[in-house]
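Each chain, letter by letter, is given below.
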Amino acid sequence: MVTVQQSGQEIEPQFRVRVNSIYDSWQSGELPFSEAYKQLEVLKYEAASAGHLANQGGVEMILGIMQGYRAKLNESIRHFELARGLFEQAGNQERMTICMLNIGETYRLRGNFTRARHFFRAAYEAAVSMGNVRTQVTALANEGQMLLSMGVLNDAYDTLEKALELGRNVTPENDREANQLLDTQCEIHYALAVILLRLNEPEPAWKHARKSLLIAEDLGVPLRMGYANRALGEVITALGNAPEASFSSDPDTYFQTAAQAFRGIRADGELAKTMYAHGRSLAHRQKRNAAARKLKEAMVLFTRLGMADDAAKAAEAQLKVL
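Residues numbered from 1 in each chain as written. Predicted model: local features only at pLDDT ≥ 70, side-chain atom pairs only at ≥ 80, totals over all residues. Heavy atoms only, no water.

## Comments concerning the overall build of the protein chain
Keep this limit in mind: Helix numbering and strand numbering both begin at the N terminus, where a helix is a DSSP run of H or I of at least 4 residues and a strand a DSSP run of E of at least 2. The reference for a compact globule is 2.2 Å times residues^0.38; the radius of gyration itself is calculated from the C-alpha atoms. Each residue gets one of three labels from its accessible area relative to the maximum for its type: buried under 20%, exposed over 50%, partly exposed in between, using a 1.4 Å probe on protein chains only. The contact definition used throughout considers only heavy atoms, calling two residues in contact when any of these lie within 4.5 Å. Accessible surface is estimated by sampling points in the Shrake-Rupley manner with a 1.4 Å probe; for residues, cover comes only from the protein chains shown. In summary, the charge assignment counts Lys and Arg as positive and Asp and Glu as negative, without counting His or the chain termini. To locate a charge, take NZ of a lysine, CZ of an arginine, CG of an aspartate or CD of a glutamate.
The secondary structure content of the protein chain amounts to 15 helices and zero strands. Compactness check: the protein chain gives a C-alpha radius of gyration of 20 Å against a globular reference of 20 Å for 322 residues, within 12% of the reference. Counting only C-alpha atoms and orienting by the principal axes, one finds that the protein chain spans roughly 60 × 40 × 35 Å. Out of the 322 residues belonging to the protein chain, those deemed buried represent 54%. By sequence separation, contacts in the protein chain at least 24 residues apart represent 62% of the contacts at least 6 residues apart. Working note: accessible area of the protein chain is about 14400 Å², and carbon and sulfur atoms make up 49% of it. Charge separation in the protein chain, taken as the distance between the mean sites of 37 positive and 38 negative side-chain charges, equals 6 Å.

## Digging into the packing of aromatic side chains
To be explicit about the condition: Put simply, two rings from Phe, Tyr or Trp (the six-membered ring, in Trp's case) pair if the centres are within 6.5 Å, and we call them stacked under 30 degrees between planes, edge-to-face over 60, tilted for the rest.
Per the counting criterion, the structure on display carries eight aromatic pairs. Seen from their ring centres, Tyr 276 and Phe 302 are 6.5 Å apart, and the 65° between their planes marks the pair as edge-to-face. Of this pair, Tyr 276 sits in helix H13 (residues 268-284) while Phe 302 sits in helix H14 (residues 288-305), and the two are 26 residues apart along the sequence. Across the pair, exposure class does not vary: Tyr 276 and Phe 302 are buried alike. Among the aromatic residues, ring-to-ring pairing joins Tyr 23, Trp 26 and Tyr 69 into one connected group.

And the structure:
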């Protein structure tokens, strides 16, 4: 791994610990969003009063991530753009690059793939120029998921496999970086499982879904437990039965567990995606009335959240089962 010399002003270590503690408490479900937001606003005011640009940027970035998981996409982009501007003033190129990745991911969720790809490519190229392998992995993982959203399955698979391979060259410098790498791997394995399902290869998809669950259990993060359980529900739907005796063969179990995990942290966008996947599973099992209801719920939530591309897919799926 190439060691990157940090340029410009960086977030103060103790301040970063305080910000991360609030975020971790929210992500684990221990702290409601409203309280987490309030505490982060206090820290942002503290940083602004001290005139510390990087600290302000750090808070804005975390607020953007949290709003993104809640599918408050306009708010998410606003926070990321503010963070990028603050890090630019602070001369911190690495943090600016991470903001670009996050902005791209938010555009992906909005279905604006042209804008998303622009930011992913720009972030990847910046990471290459800095020799930052960890950020390259994240950029490729995000681009791969965007290609999956676009239905370009083979390119998505190759990009995600490249991200996994590149990640093997990353040596985390601390426990937090190790967990961040595991978090990205968990997301990649989930996406690979989805791709293989769409390519009608449920057996290898099971291996990736299983790996996603193992990593999620190791992390103990509700968000990743939601992803992993959703993947298991989709794969078991395709297989008809769980390949291992220790797993239930009822897909509803996994979709319900995933939905509960996402509700617990108010990750409404992922909750809507879980409803959509659950509805498709019910339709596959010829439970047409239940499928139509679940797909309608997904469509309504997608629409409310401004996720136009996903709302259209849910509406189309609903029409097919009516």
